[in-house]
Amino acid sequence: MKYCSKCGAQLPVDSKFCVACGSMITQLGEGIQEPGGNVGLPSQNPGKGMKFKIIIGTLIAVILVAGGFWGWRIVAQKGVHLVFQAEPDKEGKTITNNDMDKANTTIAKRLNGLGVSEPVIKTDYDKKQIVVDIAGIKELDNAVEVIRTTAKLTFRDPQGYVVLGGDQISDAKASIGQSGQFVVSLTFTSDGAKKFGDLTSKYIGQRIGIYLDDKLRTNPTVNTPILNGQAEITGYETMEAATDDAVLMRSGSLPVSLTIIEKR
């Protein structure tokens with residue numbers, strides 16, 4: 001006995017057609033499949049083989065493209081290892097474990113503000129070092145600068161004296177101001193709002209300087225008292241620059257200076 005290659009039905013050796021599916025046998029053995037599964041002559045539908053090859057080729061191409069894409073993603077998300085050394089201030093004040101803990105928390109807030117997910121931050125209290133491992137970051141140098149910047153925010157009166165500090169800020173966000181410029185919008189704490197209101201009431205017609213790490217960011221003239229606990233820092237050329245400063249102000253200043261001693 002032999003078998004129909006189309007439906008698998010058993011057929012007599014001298015069959016001219018399959019009684020099960022009606023498939024015609026036009027040549028000796030054509031359309032007949034041996035019991036072992038081997039077809040005696042080529043299939044009557046050669047287009048099947050071509051379609052099969054096209055499908056296989058398409059699948060291979062998709063796999064290669066996907067592999068290339070995921071390979072690029074793996075390279076792009078390669079981890080970065082950073083080690084920061086805490087340095088004493090100008091007065092030589094001893095760095096405490098509490099200072100290191102605050103620095104650790106501040107760094108975590110800054111990385112979160114930059115959109116870095118699940119960074120690993122460890123503190124070595126004996127060496128006064130903070131080790132940071134991050135992955136998937138595109139602008140590493142910018143991130144390092146944001147991490148290590150002290151970010152001490154101060155407001156100064158027309159004589160240059162510090163009258164308000166960054167600890168009076170509850171929030172800072174990058175936005176586009178009414179004039180279409182890139183700005184950082186500040187929100188004061190309740191206590192800070194009262195102090196800022198008193199400050200702007202006292203110095204109408206004069207300038208109040210806003211500094212970050214002793215660098216003047218903006219020096220606006222007070223036209224009217226600002227009593228709503230809001231303020232704007234202007235003068236940014238890009239939204240990215242405004243965003244970086246907002247992250248620094250929102251996370252608070254570092255209690256210690258940080259120097260990067262290892263980056264790989």
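Above this text sits the structure in question.
Thresholds, definitions, all that
Residues numbered from 1 in each chain as written. Predicted model: local features only at pLDDT ≥ 70, side-chain atom pairs only at ≥ 80, totals over all residues. Heavy atoms only, no water. Phe/Tyr/Trp six-rings, centres within 6.5 Å; stacked < 30°, edge-to-face > 60°. Buried < 20%, exposed > 50% of the residue type's maximum accessible area, 1.4 Å probe, protein only. Lys NZ or Arg CZ within 6 Å of the ring centre and 35° of its normal. Pairing = 2+ DSSP bridges. Helix = DSSP H or I, 4+ residues; strand = E, 2+ residues; numbered from the N terminus. Axes fitted to C-alpha atoms, helices over the stretch in contact; angles between N-to-C directions.

K.L.:
Would you mind going over the packing of aromatic side chains with me for this structure?
P.N.:
Aromatic ring pairs are defined here through the distance separating the ring centres and the angle between the ring planes. What the rule picks out here adds up to 3 aromatic pairs. An angle of 25° between the planes, with centres 4.6 Å apart, marks the rings of phenylalanine 188 and phenylalanine 196 as stacked. Overall, the relative accessible area of 4% leaves phenylalanine 196 in the buried class. Each member of the aromatic cluster is reached from another via a ring pair, and the members are Phe155, Phe188 and Phe196. The aromatic ring of tyrosine 211 is capped on one face by arginine 156, whose charged end is 4.1 Å from the ring centroid.

K.L.:
Before we go on, may I ask you to explain the sheet that holds strand S12 (residues 215-218) in this structure?
P.N.:
Adjacent strands of a sheet form backbone hydrogen bonds with each other and so pair up, either parallel or antiparallel. A sheet is described by the order of its strands in space; here 4 strands give the open sequence S8-S7-S11-S12, paired in antiparallel fashion. Looking at which strands have only one partner, the edges of the open sheet turn out to be strand S8 (162-165) and S12. Going across the sheet, the axis of each strand differs from the next one's by a mean of 35°, ignoring polarity. Relative to strand S11 (residues 209-212), strand S7 (residues 153-156) runs antiparallel, the two being bridged by 4 bridges.

These figures come from the coordinates and say nothing about function on their own.
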